[in-house]
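Chain by chain, the residues run as shown.
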Amino acid sequence: MPKKSRKTHTAAEFDLDILSGDTDMFRWFLLCYLFGKPIQSGVAVTTWQLLIDKKLDTPWAITQASDHQLVGVLHQGGYTRYQHVTANGLRVCMERLIREYEGSLFFMFDSSADEDEFSKRLQTLYGVGPKIAEIFMNETEEMFARRVE
């Protein structure tokens, strides 16, 4: 039986233009982070929308949210397992993004010489492995192409 191919998502599907600024770029990263975890993509999307609706869509908002608040949003979004681990992972990831890149993925991009370095920098964030970096970076190709022009 052939292996089922995974659906590839794009930022445009979620009305995001990552070239427009940090807000959309961060929201896309947040969604990719959730997509990369062991959860159905529909649950990831629902949870992501709840995070936006509850104004937990910046690195600072996530680090300042209580454990109860983050776990509650994840649970409301459909996480029945791993909500505590995911909440903690999000917080640790955001703390490093703030500490090393002033909370800005654009700053991380500007600090990277090329796509390979950007991918490596992304993967230094807690919970971000090659798959999350790949999903996220499918949308950054145009940014690197603009550098060459």
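Residues numbered from 1 in each chain as written. Predicted model: local features only at pLDDT ≥ 70, side-chain atom pairs only at ≥ 80, totals over all residues. Heavy atoms only, no water.

**Examining the overall build of the chain**
And step 1. For the chain, the count of helices and strands is 9 helices and 0 strands.
And step 2. Ordered by position from the N terminus, the helices and strands of the chain form the series α-α-α-α-α-α-α-α-α.
And step 3. For 149 residues, the compact-globule estimate of 2.2 N^0.38 gives 15 Å, and the C-alpha radius of gyration of the chain, at 15 Å, lies within 12% of that figure.
And step 4. Evaluated residue by residue, the chain yields a buried proportion of 44% over its 149 residues.
And step 5. By sequence separation, contacts in the chain at least 24 residues apart represent 58% of the contacts at least 6 residues apart.
And step 6. Between the centroid of the 17 positive side chains of the chain and the centroid of its 21 negative side chains there is a distance of 9 Å. (Helix = DSSP H or I, 4+ residues; strand = E, 2+ residues; numbered from the N terminus. Rg over C-alpha atoms; globule rule 2.2 N^0.38 Å. Buried < 20%, exposed > 50% of the residue type's maximum accessible area, 1.4 Å probe, protein only. Contact = heavy atoms within 4.5 Å. Lys, Arg positive; Asp, Glu negative; His and termini not counted. Charge placed at Lys NZ, Arg CZ, Asp CG, Glu CD.)

**Quick notes on unusual backbone geometry**
And step 1. Phi angles above zero are rare outside glycine, and Lys-55 is one such case at about 60°.
And step 2. The residue Lys-55 is located in the loop between helix H2 (41-53) and helix H3 (59-64) in this model.
And step 3. On the basis of relative accessible area, Lys-55 is assigned to the exposed category, the value being 64%.
And step 4. The backbone of Tyr-82 sits at a positive phi, close to 70°, despite the residue not being glycine.

**Considering the packing of aromatic side chains**
And step 1. Enumeration according to the criterion identifies 8 aromatic pairs in this entry.
And step 2. Pairing Phe-26 with Phe-29 gives two aromatic rings, centres 6.3 Å apart and planes at 40°, and the pair type is tilted. With a gap of 3 residues between them, Phe-26 and Phe-29 both fall in helix H1 (residues 22-35), about one helical turn apart.
And step 3. According to the relative accessible area criterion, Phe-26 is buried, its value standing at 5%.
And step 4. With a relative accessible area of 1%, Phe-29 lands in the buried category.
And step 5. A connected cluster of aromatic rings, assembled from ring pairs, spans Phe-26, Phe-29, Tyr-33, Phe-109, Phe-118 and Phe-136.
And step 6. Against the face of Tyr-33 rests Lys-37, its NZ or CZ located 4.5 Å from the ring centre. (Phe/Tyr/Trp six-rings, centres within 6.5 Å; stacked < 30°, edge-to-face > 60°. Lys NZ or Arg CZ within 6 Å of the ring centre and 35° of its normal.)

**Some words on the nonpolar core**
And step 1. Among the nonpolar cores identified, the biggest contains 49 residues, and Trp-28, Phe-29, Leu-105, Leu-122 and Phe-136 are the most heavily contacted of them.
And step 2. If sequence neighbours within four positions are ignored, Phe-29 has contacts with Cys-93, Met-94, Leu-105, Leu-122, Leu-125, Val-128 and Phe-136. (Core = buried A, V, L, I, M, F, W, Y, C linked by side-chain atoms within 4.5 Å.)

On their own, these measurements won't tell you what the molecule is for.
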